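In case you want the letters, here they are:
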Amino acid sequence: MSALVQIRDLSVLYRGRGRRADKLALDGVSVSLGAGETLGLVGESGSGKSTLGNCVLGLVQPTHGTITFDGRDITHRTARERRALSTQVQAVFQDPYSSFNPHRTIEQTVGETLDSLPRMSRAERRARIVAMLERVGLDQSALTKFPAQFSGGQRQRIAIARALLPDPRLVVCDELVSALDLSVQAQVLNLLLELQRERGVAYLFITHDLAVVRHMSTRVAVLQHGQLVEEGTSAEVTEHPTQPYTRRLVAASLDADADLQRVRRATRKAVADSTRTSMGGGAGSDVALLGAFEQQAVAEATAQPTPRASIVSGALIQAKGGASTIETLVALRAAILEMASRTSATMTPPDLLTRLEGARADLCRAVIADGRTSEFLDLLRQLAAAIEDGDRVQARMIVNFLDSVEGDVSSVAHDRPETGSYKSRS
Ligand SMILES: Nc1ncnc2c1ncn2[C@@H]1O[C@H](COP(=O)(O)OP(=O)(O)OP(=O)(O)O)[C@@H](O)[C@H]1O
Ligand SMILES: [Mg+2]
């Protein structure tokens, strides 16, 4: 069976102008991508990732080598071939804003990619656009709005809707989530995974973030100075890199903040697992999701100095010193809730969200009732560790324990019990 995209011995030489020297951006790269698969393309800045993506898109002309798509040579495509291909090969870039015309409505913007398909009636066209927008989490009211009226994450959803509307077989994603907040990143990445499962679309996924690539990709290719230095399954490359360069990339991605990287990965995985099992209703994934959200909220807050984060970290510092008050804990809970709901609002089924909120409230009651803040945080840490280790039994045990706490916030706040109120429900 032949690959969907086959790149053979591809080289790109950018000709220097004036005093600028020539630049060999790609040097004999061979790599392939199967239908419905994701090939992650990583490497440091300037290694040639975007150049490779742009060759596949026909935006950059290779100096040497060939690219075939579904067995057809598309290395040097004519304008006509390019139009024919445009419904099958689409792209989403880091900053969708720059690829949107600010004066065109979302209906016009998203509908652009239908132009190369056989003409359809206005009603049919609109119906397809609305269905696609809804699929990416936007409602019909978006049709008449303009790009500036949306957040970065929403604009990326619009870009994804536009790319997937003609049902392409390949989407080149170049640093697609790099500009987004982490909580929004997770939602967008999981939306892409769901769409892939539904439609069997293949992704050429370009990123400098190894955690993202591992989450998204079937296979990973590593570029260094325009050359392919390593290729393999996602787990092979990210866990057992054979090349010193790849090892450095992995180390650099971990060095940034090992704890944060770990919890971010855990959250992404928990959300993915939860959406994967939401049909069958796996309780274990709720547990993992809850733990991951809480842990990420705390970790992000300590790592990033935003106002919301300062509330959390302030509360944590106070809690560490043993001087925790009900007020700081209530602030801590409010901040965690706010951050966690940003993470989960559009991806998590509403009933699951309600359960999460309930469980979080229980957690906070436990803390307030006992004043045992460090124990609470410790349990969250254990929970995150259990999730990271894939130890569902342990994770479930911890959450069951936290879940079994009884008490009422308002009564507790006014009249603090002397003794602990952890009770087992069973
Ligand atoms: N149009 C161009 N003309 C000349 N040189 C270019 C051009 N585009 C890219 N380059 C050079 O080619 C090399 C590869 O660039 P490319 O954009 O493919 O890297 P990248 O891996 O995508 O980097 P980043 O992670 O920063 O996006 C770089 O040295 C870059 O400066
Ligand atoms: Mg690039």
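Residues numbered from 1 in each chain as written. Chains lettered and ligands numbered in written order. Predicted model: local features only at pLDDT ≥ 70, side-chain atom pairs only at ≥ 80, totals over all residues. Heavy atoms only, no water.

- The name given to the chain in an unreviewed UniProt entry is ABC transporter ATP-binding protein, with Nocardioides luti as the source organism.
- In its Sequence similarities (unreviewed entry) section, the UniProt record describing the chain reads: "Belongs to the ABC transporter superfamily." (UniProt positions renumbered as here; feature names shortened; annotations may be inferred.)

### Quick notes on the sheet that holds strand S7 (residues 170-174)
- Pairing in this open sheet of 6 strands is mixed, and the strands run S6-S7-S8-S3-S9-S10 from one edge to the other. Bordering the open sheet on either side are strand S6 (89-93) and strand S10 (227-233), each of which pairs with just one other strand. Across this sheet, the average inter-strand angle for adjacent strands is 15°, counted without regard to direction.
- Contacts from helix H6 (residues 152-164) reach S6 and S7, with the element oriented near 175° to S6. (Pairing = 2+ DSSP bridges. Helix = DSSP H or I, 4+ residues; strand = E, 2+ residues; numbered from the N terminus. Axes fitted to C-alpha atoms, helices over the stretch in contact; angles between N-to-C directions. Contact = heavy atoms within 4.5 Å.)

### Looking at the nonpolar core
- Residues Val 110, Leu 133, Ile 160 and Val 171 are the most contacted members of the largest nonpolar core, which totals 38 residues.
- If we ignore the near neighbours within four places in the chain, the residues touching Val 171 are Gln 90, Ala 91, Val 92, Ala 163, Leu 164, Val 201, Ala 202, Tyr 203 and Leu 204.
- Within the second largest apolar cluster, 28 residues are counted, among which are Phe 69, Val 89, Leu 204 and Leu 223. (Core = buried A, V, L, I, M, F, W, Y, C linked by side-chain atoms within 4.5 Å. Buried < 20%, exposed > 50% of the residue type's maximum accessible area, 1.4 Å probe, protein only.)

### Re the side chain of Gln 90
- Structurally, Gln 90 can be placed in strand S6.
- Ignoring sequence-local partners within four residues, the contact set of Gln 90 consists of Leu 57, Thr 113, Arg 162, Ala 163, Pro 166, Pro 168, Leu 170, Val 171 and Val 172.

### Let's talk about the pairing of strand S9 (residues 219-224)
- In terms of burial, S9 is a largely internal element, 5 of the 6 residues being buried.
- Sheet topology places strand S3 (residues 38-42) next to S9; 4 bridges connect them, and they run parallel. Paired with Gly 40 across the strands is Val 220, a residue of S9.
- Where S9 lies against S10, 6 bridges are found, and the strand directions are antiparallel.

### Considering the sheet that holds strand S5 (residues 72-73)
- Read from one edge of the open sheet, 4 strands run S2-S1-S4-S5, paired in antiparallel fashion. In this open sheet, the two strands that pair with only one neighbour each are strand S2 (23-33) and S5.
- Where strand S1 (residues 5-14) meets strand S4 (residues 64-69), 5 bridges bridge the pair, whose relative direction is antiparallel. Bridge pairing links Arg 8 to Thr 66 in S4.
- Sheet strands touched by helix H1 (residues 49-57): S1, S2 and S4. Its angle to S1, the strand with the most contacts, is close to 115°.

### Points about the site of ligand 1
- Lining the immediate environment of ligand 1, one finds Tyr 14, Arg 20, Lys 23, Ala 25, Glu 44, Ser 45, Gly 46, Ser 47, Gly 48, Lys 49, Ser 50 and Thr 51.
- Separating an oxygen atom of ligand 1 from a side-chain N or O atom of Ser 45 is a distance of 2.5 Å.
- Here an oxygen atom of ligand 1 sits 2.8 Å away from a polar atom, N or O, in the side chain of Ser 50.
- Alone, ligand 1 offers 640 Å² of accessible surface; in the complex the protein occludes 63% of this.
- Elements with a contribution of two residues or more to the shell around ligand 1: S2 and H1. (Near = heavy atom within 4 Å. Polar contact = N/O pair within 3.5 Å; in protein donor to acceptor, adjacent residues only side chain to side chain. Areas by Shrake-Rupley, 256 points an atom, 1.4 Å probe, with all protein chains shown as cover.)

### A word on the environment of Ile 106
- Summarising the element assignment, Ile 106 is placed in helix H4 (residues 106-111).
- Placed 52 residues apart in sequence, Ile 106 and Ile 158 show a C-alpha to C-alpha distance of 7.7 Å.
- Beyond its immediate stretch of four places on either side in the chain, Ile 106 contacts Gly 111, Leu 133, Ala 142, Leu 143, Lys 145, Phe 146, Pro 147, Phe 150 and Ile 158.

### Thoughts on the pattern of salt bridges
- Under the criterion given, the structure shown has 11 salt bridges.
- With a shortest N-O distance of 3.0 Å, Glu 112 and Arg 104 are connected by a salt bridge.
- Relative accessible area serves as the criterion here: at 29%, Arg 104 is assigned to the partly exposed category.
- Here the salt bridges do not stand alone but share partners, grouping Arg 104, Glu 112 and Arg 162 into one network. (Salt bridge = Lys/Arg side-chain N within 4 Å of Asp/Glu carboxyl O.)

### Some details on H1
- Here H1 lies mainly inside the structure; 8 of its 9 residues are buried.
- Taken residue by residue, H1 has Lys 49, Thr 51, Leu 52, Gly 53, Asn 54, Cys 55, Val 56 and Leu 57 as its buried positions.
- Phi for Gly 58, located one or two positions after H1, is positive at around 80°.

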